[in-house]
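# Summary of structural features
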Amino acid sequence: MEAQQRKKGTPQGGVVSPLLANIYLHHAFDNWMDATYLNCLFERYADDIVIYCSIKAEAEQMLEQLTVRMQQFELTLHPEKTKIVYCKNYQHNDTHDNESFTFLSYSFQPRSIKSKFGKPRLLMVFGAAICNAAKTSIRTAIKEVLRIQWTYSLE
């Protein structure tokens, strides 16, 4: 098998890939956000990013400008993972197509909690909890560790 010379990028799963991606996105994204969008909070872990905007029009404009910015660095946004999500809660109770998302194995979505102030009642908040896929993965790992191995001695 003949080796092919790479012209750009790093091999998928390469040891240095996450480090280079973090450095690249620090310059392509983090610095740009800090300089251009002081009022938009964001969280980035490797190449997964969540940006908080106050209103839908701001989010739509941010998405357009982010797409252009990433193209300048020869990057594209994942079409299935990139979406605008409405953070529904007791103060914002409209209905939208996307009202939840998963980030770093946490599911962010509207949830009911008991009010700690005044008379007891349920409030809807937009909160995080471990996602079902992560729960399943943890259960599987625990079962594998705790699995009883039956052994028989033939004496």
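What follows deals with the overall build of the protein chain. For the protein chain, the count of helices and strands is three helices and five strands. In sequence order, the protein chain lays out its α and β elements as α-β-β-α-β-β-β-α. Taking all 155 residues of the protein chain together, 19% fall into the buried category. The contacts in the protein chain between residues at least 6 apart in sequence include a share of 34% that link residues at least 24 apart. Entry remark: accessible area of the protein chain is about 13,100 Å², with carbon and sulfur atoms responsible for 55%.

Attention shifts here to unusual backbone geometry. Positive phi outside glycine occurs at Glu 74, with the angle close to 60°. Residue placement: Glu 74 occurs in the loop between helix H2 (56-72) and strand S3 (101-103).

A full pass over the atoms with the stated rule returns five aromatic pairs. Considering the side-chain rings of Tyr 24 and Phe 73, the 5.8 Å spacing of their centres and the 85° angle between planes classify their relative orientation as edge-to-face. On the criterion of sequence distance, the pair formed by Tyr 24 in helix H1 (residues 17-36) and Phe 73 in the loop between H2 and S3 is long-range, its members being 49 residues apart. The exposure class assigned to Tyr 24 is partly exposed, which follows from its relative accessible area of 38%. Exposure remark for Phe 73: the relative accessible area of 22% places this residue in the partly exposed category. Note on Phe 29 and Phe 42: the rings are 5.0 Å apart at their centroids and 85° apart in plane angle, and the pair reads as edge-to-face. Remark: Phe 42 occurs in strand S1 (residues 41-45) and Phe 29 occurs in helix H1; sequence separation between them is 13 residues. Judged by its relative accessible area of 24%, Phe 42 falls in the partly exposed class. An aromatic cluster is defined as three or more aromatic residues linked by ring pairs; in this entry it consists of Phe 101, Phe 108 and Phe 126.

Basis of the calculations
Residues numbered from 1 in each chain as written. Predicted model: local features only at pLDDT ≥ 70, side-chain atom pairs only at ≥ 80, totals over all residues. Heavy atoms only, no water. Helix = DSSP H or I, 4+ residues; strand = E, 2+ residues; numbered from the N terminus. Buried < 20%, exposed > 50% of the residue type's maximum accessible area, 1.4 Å probe, protein only. Contact = heavy atoms within 4.5 Å. Areas by Shrake-Rupley, 256 points an atom, 1.4 Å probe, with all protein chains shown as cover. Phe/Tyr/Trp six-rings, centres within 6.5 Å; stacked < 30°, edge-to-face > 60°.

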